[in-house]
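Summary of structural features
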Amino acid sequence: MSSSRSESFFATCPRGLEALLAGELDSLGIQSTAVPGGVAFTGAWADCYRANLWSRVASRILWRVHQFDYRNEQDLYDAVKALDWPRSFRVERTLRVNVTAQKSPLKSLEFATLRIKDAVCDRFRDALGKRPSIDRGDPDVRVHAFLEAGRCTLYLDTSGEPLFKRGWRKVVGEAPLRENLAAGIVMLTGWKPDEPLLDPMCGGGTILAEAAAMSRGRAPGANRSFAFEKLSAFDARAWEKVRHDTSVPQHSPSLFGSDIDAKALSVARRTLGEAGVERWVRLEQADVLQRPAPAPGGVMVMNPPYGERMGSPEQLAAFYPKLGDALKQRFAGWRCYIFTADLRAAKLIRLTPSRRIPLWNGAIECRLYEFIIVAGTNRRP
Ligand SMILES: C[S@@+](CC[C@H](N)C(=O)[O-])C[C@H]1O[C@@H](n2cnc3c(N)ncnc32)[C@H](O)[C@@H]1O
């Protein structure tokens, strides 16, 4: 494993946000190449630390440690054991191995995972007479293997807990969005901090917290730790420098949130408080079908209920035309964005979307629909 200044990294993200992630890294001074599921970049450790601390869209930053051809599990074992793992992390660190695959000929990924774990542990035992313990829940060190048809890429994870865990969600509401997906949605709307932003179905307030953190110039990773701190390559001075480099503009945004459910609002209040942004957000209990616009124009972003747990398909089919009427009647001058897995939404709402952006919420295909609401137009018969 190289200790040279230029290392190879791969930043993963929700599918559909790769170009946004590349743009975000570019603004941090990191050039990257987007591929489905993430972006690849080379850089110094400081770039890796900066991406972990500042990326609002990435899920993890992985450090590429090796790439090799394989045909079977023994090839995996031999190649993994040949690496000097005791140089990468201390034997006292707990370990977890993750394997993902695309077109791999191997029958059992579980067995492949076991062989890779054995190889790492055997290398430690040969060198030191002891091996790291396995912790599947909260490991210090995660080894990721990505298996393709005949090629294996090995990574050490530099993030630890996924990056969407900002450290400010202490209570969880109903069907919350992951923070990096929420941040990506806000960025895709093109919202600028001097425009009002409203989430009228705000639930636990994820979209509002992300918009507030963005406009206040708050680093999404400021409240958490990272796995890179536990690797032997950790450069504490470079990390201190990255952490204290806070030349980010701060705005005073006008953010509005509402929800029909009082319990959801108390979750939102708690999250916004923990994130330290509550003073920028006005919350109220209201039905989206009744509430007035809080300003003559702005950006509305919402994530209506979806799925059996939150409302039957019939209830939602009845809801969308009413939502279309409410937008038309009260939100002329607003750009409205609906993020949903209900691909019937654009048809049911009876407004013509100006954009339909495909996004994935985990394995679920979703859309972000844009409706520019102009008085008297874009109503479909
Ligand atoms: C999928 S959740 C939103 C989750 C939110 N984006 C988050 O990340 O926490 C949908 C929310 O819509 C709210 N809701 C349902 N019907 C509503 C209505 N007619 N008016 C306002 N809110 C409503 C629910 O109470 C729920 O909190």
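Provided above is the structure to which this section pertains.
What counts, and where the lines are drawn
- Sequence order as written defines residue numbering, which begins from 1 separately in each chain.
- In keeping with the model being predicted, local features are shown solely for residues with a pLDDT of at least 70 and side-chain atom pairs are shown and tallied solely at 80 or more, while totals for entire chains, interfaces and linings include all residues.
- Heavy atoms throughout the structure, all of them, feed into the side-chain values; hydrogens and water do not.
- Two strands are counted as paired when DSSP detects at least two bridges linking them.
- Working definition: helices are DSSP H or I runs of at least four residues, strands are E runs of at least two. Numbering for both runs from the N terminus.
- Summary of the distance rule: residues count as near a molecule or strand when at least one heavy atom falls within 4 Å of that molecule or strand.
- Polar contacts, as used here, are pairs of N or O atoms within 3.5 Å; protein pairs need one atom able to donate a hydrogen and one able to accept it. Residues neighboring in sequence count only if both atoms are side-chain atoms.
- The method behind every accessible area is Shrake-Rupley, applied with a 1.4 Å probe, and residues are considered shielded solely by the protein chains displayed.
- Each residue gets one label: Ala, Val, Leu, Ile, Met, Phe, Trp, Tyr, Cys and Pro are nonpolar, Asp, Glu, Lys and Arg are charged, and the others, such as Gly, are polar.
- Axis definition: a line fitted to C-alpha atoms, limited for helices to the stretch in contact. Angles are taken between N-to-C directions and run from 0 to 180 degrees.
- Only heavy atoms matter for contacts: two residues are in contact if any of them lie within 4.5 Å across the pair.
- Put plainly, a pocket is an open set of points on a 1 Å grid over the protein atoms alone with protein on both sides within 12 Å along at least five of seven lines, a cavity is a set where a 1.4 Å probe fits but cannot get out, and a lining residue has an atom within 4 Å of a point.
- Grid points are joined across faces, edges and corners, and a volume is the space filled by probe spheres set on the points.
- Here the nonpolar core consists of buried residues drawn from Ala, Val, Leu, Ile, Met, Phe, Trp, Tyr and Cys, with membership extended through side-chain atoms lying within 4.5 Å.
- Exposed residues in this analysis have more than 50% of their type's maximum accessible area, buried residues have under 20%, and partly exposed residues fall in between, with area computed by a 1.4 Å probe over protein chains only.

Details of the pairing of strand 4 (residues 60-69)
Pairing of strand 1 (residues 7-12) with strand 4 involves four bridges; the strand directions are antiparallel. The residue bridging A11 from the neighbouring strand is I61, located in strand 4. Pairing between strand 4 and strand 7 (residues 151-157): seven bridges, direction antiparallel. Pairing of H66 across the sheet is with L154, part of strand 7.

Brief notes about the site of the ligand
Neighbouring residues of the ligand: 21 residues in total, closest L177, T206, D259, D287 and V288. Within the backbone of L177, a nitrogen or oxygen atom sits 2.8 Å from an oxygen atom of the ligand. A total of 610 Å² of accessible area belongs to the ligand in isolation, and the protein chains cover 90% of it. Class assignment for the residues of the shell around the ligand results in 13 nonpolar, five polar and three charged.

Quick look at the sheet that holds strand 5 (residues 95-101)
Pairing is mixed across the open sheet formed by seven strands, whose spatial order is 2-3-1-4-7-6-5. The sheet is open, and its two borders are formed by strand 2 (32-35) and strand 5, each paired with just one other strand. Averaged over all pairs of adjacent strands, the angle between their axes in this sheet comes to 30 degrees, without regard to strand direction. One ladder, built from four bridges, connects strand 2 with strand 3 (residues 38-43); its direction is antiparallel. Looking at the pairing, T33 lines up with A40 of strand 3. Contacts from helix 1 (residues 18-27) reach strand 1, strand 2 and strand 3 within the one sheet, and its direction differs from that of strand 3 by about 25 degrees.

Quick notes on the layout of surface pockets
Any empty space left between atoms is shown by rolling a water-sized probe over those atoms. Taken as a whole, the largest pocket holds about 1,200 Å³ of empty space. In terms of lining residues, the largest pocket is bounded by 36 residues, among which F10, T12, P36, G37 and T100 are the most central. The set of elements that each furnish at least two residues to the lining of the largest pocket consists of strand 1, strand 4, strand 5, strand 6 (141-147), strand 7, helix 6 (179-189) and strand 13 (355-361). Tallied by class, residues from the lining of the largest pocket come to 18 nonpolar, 13 polar and five charged.

A word on the environment of R282
As for its placement among the helices and strands, R282 is situated in strand 10 (residues 281-285). Between the alpha carbons of R282 and R269 there is a distance of 9.8 Å; along the sequence they are 13 residues apart. When sequence neighbours within four positions are dropped, the list of residues in contact with R282 reads L255, F256 and G257.

As for the sheet that holds strand 9 (residues 255-259)
Strands sit in the order 10-9-8-11-12-14-13 across an open sheet of seven strands; the sheet is mixed. Each edge of the open sheet carries a strand with a single partner, namely strand 10 and strand 13. Taken pair by pair, the neighbouring strands of this sheet meet at an average axis angle of 20 degrees, ignoring direction. Sheet topology note: the strand 13/strand 14 (residues 364-372) ladder contains seven bridges and is antiparallel. Paired with I357 across the strands is L368, a residue of strand 14. In the packing of helix 6 onto the sheet, contacts are made with strand 8 (197-199), strand 11 (298-302), strand 12 (334-340), strand 13 and strand 14, and the angle to strand 13 comes to roughly 170 degrees. The strands that helix 9 (residues 262-274) touches are strand 9 and strand 10; relative to strand 10, the one it contacts most, it runs at about 165 degrees.

With respect to the nonpolar core
The tendency in soluble globular proteins is for nonpolar side chains to be buried as a group. If you look at the biggest cluster of nonpolar residues, it comprises 91 residues, and the most contacted ones within it are I61, L76, W85, L154, L197, L255 and L359. When sequence neighbours within four positions are dropped, the list of residues in contact with I61 reads F9, F10, A11, F41, C48, A51, N52, D157, T158, S159 and L163.

Quick word on empty space enclosed by the protein
In this structure the tally under the stated criterion is one cavity of 30 Å³ or more. As a volume, the largest cavity reaches approximately 30 Å³. Around the largest cavity, the lining residues are W168, R169, E179, G204, T206, A209 and T271. Residue composition of the lining of the largest cavity, by class: two nonpolar, three polar and two charged.

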